[in-house]
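A structural walkthrough
Residues per chain, in single letters:
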Amino acid sequence: MSAVPPLEPALRLAVALLHSYWVLQDPVDQLSVARLRAAGRELGLTELTEPLGDADLPRLRELRTRLYQVFAAPDPATRVATLNEVLTEVSAGTAVEASPDGTLRLTPLPRPGPTGPFAATVTGALARAATTGGTDRFGVCAADPCRAPYLDRTRAGRQRYCCELCNNRAAAAAYRNRTRRG
C-alpha cells in the first residue's frame, strides 16, 4: 500500500480553520488569531496569518461557516455550487466548472473583487482539492454529535468519520446497540 501524499500547506490551513469549531472540545469554538498564526508558522504561510487581528475573527467565523457548508452539502453538484459561491465571495479568482466529460477544472472568475489573502488562499486550496479528488471526498463526520468536516483521502473513498476517536465512539455505540437487542 502506498503512502497518501501530504496535503498542500494552504489546504492544511483550511482544515485548521474548519477544525477550530468542534462539538467534542470545550469550548467548541477555539478560533483565535494565535491559533491561526501558529498554524501559519507551522505551514510556512505566515504572510497570510500574521496580518490577521482580533477584528478579523467575525469574518473568519463567517468564512468557516461557509466552508463547512461546502462539506455538508448533500451531493457533489451542490458542493461545487456552494464552493463557487464562496470563491466568488472571497474573490479567490477562480471557480470550479464541470467539463462535458464530467471532470472538474478551475476557471478564472471574470472580476475578482478585494478580499483578504487568507480567505482567498484557503478557499482556493479547497477548489484545487475539489478538482483533483472530486467533491465526493468532502464530507462531515457520521458520528453523533460530531459532524466535523473531513477531506477523504482514503484509497477507497469510504471515509465516514473525521478521526479515530469518532470512529471508535461510533463502533462502541453500535456494539452496545447490538448487545442490547440480543
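Before reading further, recall that the structure is shown in the block above.
Please read these numbers as outputs of a predicted model, since none were measured by experiment.

Some thoughts on the overall build of the protein
- Check the secondary structure of the protein and you find 7 helices and 4 strands.
- Taken from the N to the C terminus, the helices and strands of the protein come in the order α-α-α-α-α-β-β-α-β-β-α.
- Of all 182 residues assigned to the protein, the portion counted as buried reaches 40%.
- Total accessible area on the protein is roughly 10,100 Å²; 55% of this is exposed by carbon and sulfur atoms.

Looking at the nonpolar core
- Judged by nonpolar contacts, the single largest core of 38 residues is most densely connected at Leu13, Leu63, Leu67, Leu83, Phe118, Leu126 and Phe138.
- The set of elements that each furnish at least two residues to this core consists of α1 (9–18), α2 (33–43), α4 (57–72), α5 (76–90), α6 (117–133) and β3 (138–140).
- If you tally residues by element for this core, the top one is α6, at 8 residues.
- Excluding residues within four positions of it along the chain, Leu67 makes contact with Leu17, Leu18, Val86, Val122, Thr123 and Leu126.
- Formed by 10 residues, the second largest nonpolar core is a distinct cluster that contains Trp22, Cys146, Tyr161 and Cys162.

So, unusual backbone geometry
- For the peptide bond that leads from Asp26 to Pro27, omega is 0°, which places it in the cis range.
- Looking at the element boundaries, Pro27 is found in the loop between α1 and α2.
- Put simply, Asp144 and Pro145 share a cis peptide bond, and its omega is 0°.
- If you check the backbone angles, Arg147 has positive phi at about 65° while not being a glycine.
- Position of Arg147 among the secondary structure elements: in the loop between β3 and β4 (149–151).
- The exposure class assigned to Arg147 is partly exposed, which follows from its relative accessible area of 38%.

What about the pattern of salt bridges?
- Taken as a whole and judged by the stated rule, the model has 11 salt bridges.
- Ionic pairing is found between Arg128 and Glu8, a salt bridge with its closest N-O pair at 2.9 Å. With Arg128 in helix α6 and Glu8 in the segment before α1, this residue pair connects regions lying 120 residues apart in the sequence.
- In this structure, the salt-bridge partner of Glu50 is Arg37, at a minimum N-O distance of 4.0 Å. Taken together, the positions of Glu50 in the loop between α3 (46–49) and α4 and Arg37 in helix α2 put the pair 13 residues apart, joining distant regions of the chain.

Digging into the packing of aromatic side chains
- Applying the stated criterion across every chain yields a total of 1 aromatic pair.
- Where Phe71 meets Phe138, the ring centres are 4.7 Å apart and the plane angle is 20°; that geometry is what we call stacked. Of the two residues, Phe71 sits in helix α4 while Phe138 sits in strand β3, which places them 67 residues apart along the sequence. One exposure class covers both Phe71 and Phe138, and it is buried.

What about the packing of α5 against α6?
- Close contact between α5 and α6 brings their axes to 9 Å; oriented N to C, the two are set at 150°. Here α6 runs roughly antiparallel to α5, going by the angle between their axes. Of the two elements, α5 crosses α6, and the hand of that crossing is left-handed. Residues Leu83, Val86, Leu87 and Val90 of α5 touch α6, and the partners they reach there are Ala119, Ala120, Thr123, Gly124, Leu126, Ala127 and Ala130.
- Residues of the contact of α5 with α6, tallied by class, amount to 9 nonpolar, 2 polar and no charged.

Observations concerning the side chain of Arg64
- Note that Arg64 resides in helix α4.
- The residues contacting Arg64, other than those within four sequence positions of it, are Leu17, Leu18, Ser20, Tyr21, Asp29 and Leu31.

Quick notes on the rules
Residues numbered from 1 in each chain as written. Predicted model: local features only at pLDDT ≥ 70, side-chain atom pairs only at ≥ 80, totals over all residues. Heavy atoms only, no water. Helix = DSSP H or I, 4+ residues; strand = E, 2+ residues; numbered from the N terminus. Buried < 20%, exposed > 50% of the residue type's maximum accessible area, 1.4 Å probe, protein only. Areas by Shrake-Rupley, 256 points an atom, 1.4 Å probe, with all protein chains shown as cover. Core = buried A, V, L, I, M, F, W, Y, C linked by side-chain atoms within 4.5 Å. Contact = heavy atoms within 4.5 Å. Salt bridge = Lys/Arg side-chain N within 4 Å of Asp/Glu carboxyl O. Phe/Tyr/Trp six-rings, centres within 6.5 Å; stacked < 30°, edge-to-face > 60°. Axes fitted to C-alpha atoms, helices over the stretch in contact; angles between N-to-C directions. Parallel < 35°, antiparallel > 145°, perpendicular 65-115°, else oblique. Left-handed = near helix turned anticlockwise from the far one by under 90°. Nonpolar A, V, L, I, M, F, W, Y, C, P; charged D, E, K, R; others polar.

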